[in-house]
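Here's the letter readout for the chains.
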Amino acid sequence: MATLDPVIQVIRQENYQAKNLKTIFKNFLTILSDVKDQPWEKRDDCLRKIAGMAMAHVIDDREFGESIYKDLGRILAEQVLDLRSQIVRSACATVVVLSNELSSNFDTTFEQFILPALIKQLPVKAQPIRESANDCIALVIAHHENPGILRPLYNASTEKEKIIRGRVAEYLFYICSNWDKDLIQKNLGSLLGNIKPMLQDGSDIVRDFSRQSLITLSKNFPLAVAQFLQTIDPKVIKLLENDLPEEVLKSLTQKSAAPQSSQLGVPQQVSTRRSTGGIGAPTIVKGRLSGGSLSAANDNSNVTPQQQMIKGRLSGGSFNGQRPNMQSTPDLFGGQQQQQQQ
């Protein structure tokens, strides 16, 4: 990551040792937590150094205790909610780097503290802030198949702001289209529970994405989806008939046993398996985090008419079921921040 090259070089020259790593890291967190008195430039510098430490592989997070992860999550959430767009950009970029470089220990921190803060920023008026938040969520979802995020997404699916509900529906559509099938099967109840209330949402964008998610799931799990469809409004089923597999339609015409509640709601526990795609070091160009979202490639040959209808209707584009090309990702940190001083 070119923007962090000077930071990484300094970190390697300083030859951080494991024995003082916690002290250094805690010092960064202390600076970041002092939002009122610390200059924003200093906080921005700390965010870059934390990301640089992760990319330089000097952080051995096995040495970190649970308390450090909780502190890190709370403090990064505070930076994500900052009013200065440059801090938000840097915080979002740092989250993406840490999610890629650290172990699954960071996943819980992301789910509990950071993701809810990012979701709050999705409807704000400041374009750099809302786009950075969306891009951060999109990149983490795309490259780390962590089912723990389904609970925060479910909680956000009933938010008053339709842009939040629209983004959640979009994220779920990407998950249903791209995550490992075995992992989806283990968490099918959670996914269907997330989708169910959005099938009749007041926003047509939310409805469109949710129906596409259900159609996608029906192709891989026809019997489970057929069972689920027996619990929803027949009017919704009517709208989906032309796109549902024949196996699903046949099952709907037969009298089936009542489905298990764990299949149709949101279970108390989800599978904790985590699949990491590994995003590597994105190419740096001037701009914001990742171009607005996980947009589809120019080739629309495999995009359904429904996906064409959805495409572009959310500010900043949409997933459209495609994994982002990290080699064309704009500058993670962006802004006019000067290079770090040794």
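Model, not experiment: these values are computed from the prediction. (Residues numbered from 1 in each chain as written. Predicted model: local features only at pLDDT ≥ 70, side-chain atom pairs only at ≥ 80, totals over all residues. Heavy atoms only, no water.)

Student: In this structure, what is going on with the overall build of the chain? I would like to understand it.
Tutor: Counting its regular elements, the chain contains 17 helices and two strands. For the chain, with 342 residues in total, the buried portion stands at 53%. For the chain, the share of sequence-separated contacts (at least 6 apart) that also reach a separation of at least 24 residues comes to 80%. For the chain, the exposed area adds up to about 15700 Å²; of that, 45% sits on carbon and sulfur atoms. (Helix = DSSP H or I, 4+ residues; strand = E, 2+ residues; numbered from the N terminus. Buried < 20%, exposed > 50% of the residue type's maximum accessible area, 1.4 Å probe, protein only. Contact = heavy atoms within 4.5 Å. Areas by Shrake-Rupley, 256 points an atom, 1.4 Å probe, with all protein chains shown as cover.)

Student: When you look at the nonpolar core in this model, what are you seeing that I'm missing?
Tutor: Soluble globular proteins: nonpolar side chains tend toward being buried together. Of all hydrophobic cores here, the largest spans 87 residues; its most connected members are F106, F110, L118, I175, L217 and L229. In terms of residue count, the dominant contributor to this core is helix α9 (residues 162–178) (nine residues). Residues in contact with I175, not counting those within four places in the same chain, are I141, I149, L150, L153, I184 and L191. (Core = buried A, V, L, I, M, F, W, Y, C linked by side-chain atoms within 4.5 Å.)

Student: Could you clarify how one ought to interpret helix α12 (residues 204–220) in this entry?
Tutor: In an α-helix, one turn spans 3.6 residues, which is why side chains three or four residues apart end up on the same side. With 17 residues, α12 should reach 24 Å at 1.5 Å per residue; the first-to-last C-alpha distance of 25 Å fits that figure. Sitting at the head of α12, S203 places a side-chain oxygen 3.3 Å from the backbone nitrogen of I205. (Expected span 1.5 Å × (residues − 1). Polar contact = N/O pair within 3.5 Å; in protein donor to acceptor, adjacent residues only side chain to side chain.)

Student: How do you make sense of the confidence of the model for the chain when you look at a structure like this?
Tutor: Segments scoring low in pLDDT should not have their predicted coordinates read at a detailed level. Averaged over all residues, the pLDDT of the chain is 75; the fraction at 70 or higher stands at 66%. Contacts for the low-pLDDT stretch residues 255–269, under 50 throughout, to residues beyond four places or in other chains number 31 contacts. When the criterion is pLDDT under 50, residues 323–330 qualifies, and its contacts beyond four places in sequence or with other chains add up to 30 contacts. (pLDDT = per-residue confidence, 0-100.)

Student: I would appreciate a short explanation of the packing of aromatic side chains in the present structure.
Tutor: For any pair of aromatic rings, geometry is given as the distance between the ring centres together with the angle between the planes. Within the structure shown, the criterion is met by one aromatic pair. Ring geometry for F173 versus F209: centroids 5.9 Å apart, planes at 45°, classification tilted. Pair noted here: F173 is in helix α9 and F209 is in helix α12, with a separation of 36 residues, a long-range link. Owing to a relative accessible area of 0%, F173 belongs among the buried residues under this scheme. (Phe/Tyr/Trp six-rings, centres within 6.5 Å; stacked < 30°, edge-to-face > 60°.)

Student: Hey, could you run me through the packing of helix α11 (residues 188–195) against α12 in this one?
Tutor: Helix-helix packing: each pair is described by the crossing angle between the helix axes and the interaxial distance. Contact geometry of α11 with α12 gives a least axis separation of 10 Å together with a crossing angle of 150°. One finds that α11 runs roughly antiparallel with respect to α12. In terms of crossing hand, the pair formed by α11 and α12 is left-handed. In this structure, α11 uses L188, L192 and I195 to contact α12, whose residues at the interface are S210, S213, L214 and L217. Residue composition of the contact of α11 with α12, by class: five nonpolar, two polar and no charged. (Axes fitted to C-alpha atoms, helices over the stretch in contact; angles between N-to-C directions. Parallel < 35°, antiparallel > 145°, perpendicular 65-115°, else oblique. Left-handed = near helix turned anticlockwise from the far one by under 90°. Nonpolar A, V, L, I, M, F, W, Y, C, P; charged D, E, K, R; others polar.)

Student: Explanation requested: helix α7 (residues 127–143) in the structure shown.
Tutor: For α7, which comprises 17 residues, the first-to-last C-alpha distance of 24 Å matches the rise-based estimate of 24 Å (1.5 Å per residue) to within 8%. Among the 17 residues in α7, 14 count as buried, and that is most of the element.

Student: Would you explain the side chain of D82 in this entry?
Tutor: Following the sequence through the fold, D82 ends up in the loop between α4 (66–80) and α5 (85–101). Judged by relative accessible area, D82 falls into the buried class, the value being 10%. Within polar-contact distance, the side chain of D82 engages the backbone nitrogen of R84 at 2.8 Å. Those residues within four positions of D82 in sequence are excluded, and the remaining contacts are V35, R43, I87, V88, Q121 and I129.

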